[in-house]
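Residue-level listing of the chains:
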Amino acid sequence: MTAPTHTSLFPAVPDSPDAVLDGLDPEQREVATALHGPVCVLAGAGTGKTRAITHRIAYGVRAGILQPGSVLAVTFTARAAGEMRGRLRQLGAGGVQARTFHSAALRQLQYFWPRAIGGEMPRLVERKVQLVAEAGARCRIRLDRSELRDVTGEIEWCKVTQTVPEDYPAAAAKSGREVPRDPAEIAKIYTAYEQLKRDRGVIDFEDVLLLTVGVLQERPDVADTIRSQYQHFVVDEYQDVSPLQQRLLDLWLGGRDTICVVGDASQTIYSFTGATPDYLLGFRSRHPEATVVKLVRDYRSTPQVVQLANGLLSQARGQAAQHRLELVSQREPGPEPGYTEYVDEPTEAEGTARRIKELIAGGVRPSEIAILYRINAQSEVYEQALADAGVPYQLRGAERFFDRPEVREAGLLLRGAARAGAGSDPGMAGTEVPEHVRAVLSSRGWTAEAPAGSGAVRDRWESLAALVRLADDFALARPEATLSDLVAELDERASAQHAPTVEGVTLASLHAAKGLEWDAVFLVGLTEGMMPITYAKTDEQVEEERRLLYVGVTRARLHLFLSWALSRSPGGRATRKPSRFLDGLRPGSATRGTGNRFAAGTGGIERGVAAAKRKRGPVRCRVCGRTLSEAGEIKLMRCEDCPSDLDEGLYERLRDWRMEQARELGQPAYCVFTDKTLLAIAEVRPAGPAELSAIAGVGSRKLDKYGAEVLALCTGGDAGPVAGDEAVAEEPEK
Ligand code: ATP
Ligand code: MG
C-alpha cells in the first residue's frame with residue numbers, strides 16, 4: 001500500500017474545547033469565542049472566515065454552550081455545505097445542521113406543509129426553462145434558446161427581489177438590467193409562467209423560499225416551532241445574500257440577535273441574481289452592539305498570488321472597493337503567476353492540458369488542479385483537450401458521492417463483510433482493512449488500474465477508487481481500527497455527505513468556484529468580451545466582473561496560470577485583446593492610472609508553444625461551408641445542425657477497434673481517440689494519410705501510431721505506411 005501524499009483526511013479530533021481553538025490566530029479566536037450576541041466578520045479571501053465560523057460552532061458545541069441541534073449554519077452551495085459538515089465532524093461537532101438557504105427552507109417546508117397548508121407538498125419543477133417556453137407560447141411570444149435562458153433569469157431575479165410582474169418594467173430599468181426582450185412582454189410571460197405552475201400543481205426553486213417566508217409570516221405557531229428549534233444562526237458568504245434570503249433569515253431569528261455572519265464585499269459576484277453586499281456592510285448599523293472582527297492574514301495563497309489579487313483590487317471602483325482589505329500572505333514564496341497568450345482557443349486548451357500534465361508529472365494531484373472559466377459553454381474545448389491528453393477530469397460537484405448507486409452498493413457489501421465477522425477479528429485491523437476493502441470492491445469492478453473506456457464504466461471505477469483511497473487514509477490514521485469501524489465511518493460520512501475527493505482535474509465556472517481552493521488554478525479565456533463578459537455594460541456590472549476574476553485568482557494556493565487566445569478558432573483573425581483587468585499587472589502591459597505599486601510579475605508573457613507551430617487555416621463545415629468556431633464543431637468538421645453522413649458500420653468498427661487498443665494500452669478509450677474524433681473519421685471516411693491528418697484530434701503522433709490501422713478500417717483494405725508523409729510534417733504533437 002502506498003501512503004497518500006496529501007494531507008490526511010483524518011486529522012485527530014481535538015481532545016478538548018480549548019484544543020479546537022489551537023488552530024486559530026488571535027482574531028479568528030475572537031470570532032470563535034464570541035458566542036453571544038451578533039458577530040460580523042469582514043475579511044478578504046483565504047483569511048480563514050469559513051475556518052473561523054466552523055471552529056466557532058465546534059467550540060460552542062464542545063464547550064456545552066451551544067446545543068448541536070439548535071445551530072443552523074447556512075452556506076452558499078451544496079458542496080460548501082457538505083464541506084462544512086465534514087469539517088464540523090472532524091472537530092467533534094457532528095449533528096449541527098449546515099445547509100444552503102434552499103435546502104434548509106425545503107426541509108422546513110416539507111415538514112410543515114401538511115399542517116400549514118394541507119395535503120401533499122407540490123412537486124418541484126424539473127425543467128423550468130421548458131415551462132417558461134410554454135408560458136411564452138401561451139402569450140404568443142416565441143423565444144429563441146438564448147432569449148429563453150435570459151427571460152428565465154429575469155423571472156428568477158423578480159422572485160428573489162420580490163418584484164411582481166406589474167412592477168418588473170420599472171424595477172428592471174431602475175436596476176439597469178440588460179433586458180433580453182421588451183419588459184412588458186417579460187412581465188406577461190412571468191404572469192403566464194406563474195399561472196402554468198398553479199395549473200400543473202408544481203413549484204419552482206424560488207417558490208421554496210417564498211413559500212417558507214409566507215408560512216413563517218402568516219403562521220405564528222409554525223414560526224414558534226422553528227424558532228424554538230433553531231437558536232443560533234451562522235451565515236457564510238454573506239456578501240451574496242439576496243433580499244429574499246435575508247427576509248427568511250429575519251423570520252428565523254424572530255427579533256433575536258444570535259447571528260454570526262462572515263463575508264467579503266470584494267467577492268460579491270451574484271448581484272445579477274439580486275444579491276447585495278448591503279446587508280453585510282450595513283450589519284453594524286443594524287446591530288450597533290455587534291462584535292466586528294477583521295482578518296487580514298491570508299493563509300491560503302503565496303505572496304506572489306496575493307500580490308496579484310491585491311493588484312486587481314487596487315484598480316477596483318465602487319462601493320465594494322471602498323471596503324477592500326489588503327491581504328498579507330502567510331505562506332512561503334512560490335512561483336510567479338504565469339501569463340500565456342495563445343493564437344486560438346483550441347491551442348489555449350491544448351497548452352493548458354500540457355501544463356497540467358507537467359504539474360501532475362511533478363507530483364501535483366489532479367484533484368488539486370482546477371480550470372476555471374467565465375461561462376459553462378467554455379468547458380467543452382477543455383474537456384476535449386484533457387481527454388486528448390489522457391488527463392482525468394470531473395465536471396460534477398462531489399457532494400452527492402454517497403448517493404451514487406455504486407457507492408451505496410459498495411457500502412452494503414462492506415457492511416455485509418464486516419458483519420460476517422471479518423471486521424471484528426483483531427487480525428483484520430490496520431493495513432489489512434484496505435486489503436479487505438480492495439477484495440470486496442473487486443467483485444464490483446474495482447481494479448488496481450483504471451479501466452479502458454470513458455463514461456459510465458470509468459465513473460463507476462472512479463467512485464470505487466475513491467472509496468479505496470479513503471480506506472487507505474483511514475487505516476493510516478487509525479491503525480487499530482477494524483472493517484466495522486470503517487463501515488461506521490462511511491455511514492457517518494454519508495449522513496454528513498462528506499465525500500472523499502474524486503481524483504480528477506476540476507472544471508468549473510468562476511461562480512461555482514467560490515469558497516473553494518486548489519494548489520494549481522488555471523484562469524482561462526481572459527479576453528475582453530469574456531472577462532469582462534460582453535453583456536457587462538454598466539460600471540457596476542464591469543466591477544462585478546473584476547470581482548469575479550479576483551475570486552478566481554484567490555482560489556490558488558501555489559500555482560496560478562492566466563491565459564487568453566487572440567482568436568476563437570484556428571485561422572480566425574486575431575482580433576481579441578487580453579482582459580483590461582490585467583492591464584498594469586501582466587508583464588509588458590501599460591499601467592493604468594498613476595502610482596500603481598503592484599508591479600507586474602517578473603515572469604514575462606509566454607506565447608503558447610503550439611501556437612507557433614500550428615499552421616491551420618480556418619476550418620469550414622464540409623456540408624455547408626460555413627467557417628466553424630465552436631470547438632466541438634471544429635472536431636466534427638461540420639455544423640452540429642448540418643446533416644451527418646455517418647457510416648454507421650464504420651463507426652461501430654472504429655469503436656470496437658478503439659476499445660481493443662485502449663485495453664492493450666491499459667488506458668481509457670478517449671486517450672486513443674475521443675468520440676468526436678472517431679465520429680469525424682466515420683463521417684469523412686479518409687482515403688489517405690493527408691485526409692486523416694486533417695481531422696482534428698489526429699496529430700502526427702497518433703497518425704504514426706494508428707494511421708495504418710484506421711485507414712485500413714476506412715478503406716476496407718490494407719493501408720501503406722504513413723510516417724514521413726509531408727502533409728503531416730507541420731502538425732503539432734498532441
Ligand atoms: P474565502 O473568502 O475564499 O471563502 P475564507 O476566508 O473562508 O476564504 P478559509 O477557506 O477558511 O478562508 O481558509 C483558507 C485556507 O487557509 C484554508 O486552507 C484554511 O485551512 C487555512 N487557514 C485559515 N486559517 C488558518 C490558520 N489560522 N492556520 C492555518 N491555516 C489556516
Ligand atoms: Mg470561505
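Quick note: structure is the one above.
What comes next is a walk through the structure. (Residues numbered from 1 in each chain as written. Chains lettered and ligands numbered in written order. Predicted model: local features only at pLDDT ≥ 70, side-chain atom pairs only at ≥ 80, totals over all residues. Heavy atoms only, no water.)

Looking at the site of ligand 1
Surveying the vicinity of ligand 1 reveals 19 residues, the closest of which are K49, T50, Q267, E517 and R555. A distance of 3.3 Å separates an oxygen atom of ligand 1 from a polar atom in the backbone of T47. For ligand 1, an oxygen atom lies 2.6 Å from a polar atom in the side chain of E517. Burial of ligand 1 by the protein amounts to 85% of the accessible area it has alone, namely 640 Å². Top element by residues in the shell around ligand 1 is helix α3 (residues 49-62). It accounts for three residues. Looking at side-chain class alone, the shell around ligand 1 contains two nonpolar, nine polar and eight charged residues. Here the shell around ligand 1 spans two domains, since at least three of its residues come from each of domain 1 (17-104 + 233-299) and domain 3 (333-400 + 499-582). (Near = heavy atom within 4 Å. Polar contact = N/O pair within 3.5 Å; in protein donor to acceptor, adjacent residues only side chain to side chain. Areas by Shrake-Rupley, 256 points an atom, 1.4 Å probe, with all protein chains shown as cover. Helix = DSSP H or I, 4+ residues; strand = E, 2+ residues; numbered from the N terminus. Nonpolar A, V, L, I, M, F, W, Y, C, P; charged D, E, K, R; others polar. Domains from an automatic or database assignment.)

What to know about the sheet that holds strand β16 (residues 556-567)
The strand order across the open sheet formed by seven strands is β13-β14-β12-β15-β16-β11-β17, and the pairing between neighbours is parallel. Sheet topology places β13 (393-394) and β17 (605-607) at the edges, where each strand pairs with a single neighbour. In this fold helix α17 (residues 345-361) packs onto β11 (338-344), β12 (369-373), β14 (505-509), β15 (518-523), β16 and β17, with an angle of close to 140 degrees to the strand it touches most, β11. On top of the sheet, helix α23 (residues 539-553) reaches β12, β15 and β16; it is set at about 145 degrees to β15, its chief contact. (Pairing = 2+ DSSP bridges. Contact = heavy atoms within 4.5 Å. Axes fitted to C-alpha atoms, helices over the stretch in contact; angles between N-to-C directions.)

Some points on the packing of helix α10 (residues 205-218) against helix α11 (residues 220-229)
Contact pair α10 / α11: the axes reach a minimum separation of 5 Å and the direction vectors enclose 105 degrees. Our classification of the angle between α10 and α11 gives roughly perpendicular. In contact with V215, L216 and E218 of α10, α11 contributes P220, V222, A223 and I226. Looking at the contact of α10 with α11, its residues break down into six nonpolar, no polar and one charged. (Parallel < 35°, antiparallel > 145°, perpendicular 65-115°, else oblique.)

Examining the side chain of R89
With respect to the helices and strands, R89 occurs in helix α4 (residues 78-90). By relative accessible area, R89 is classed as buried at 15%. At 3.1 Å, the side chain of R89 forms a polar contact with the side chain of E489. (Buried < 20%, exposed > 50% of the residue type's maximum accessible area, 1.4 Å probe, protein only.)

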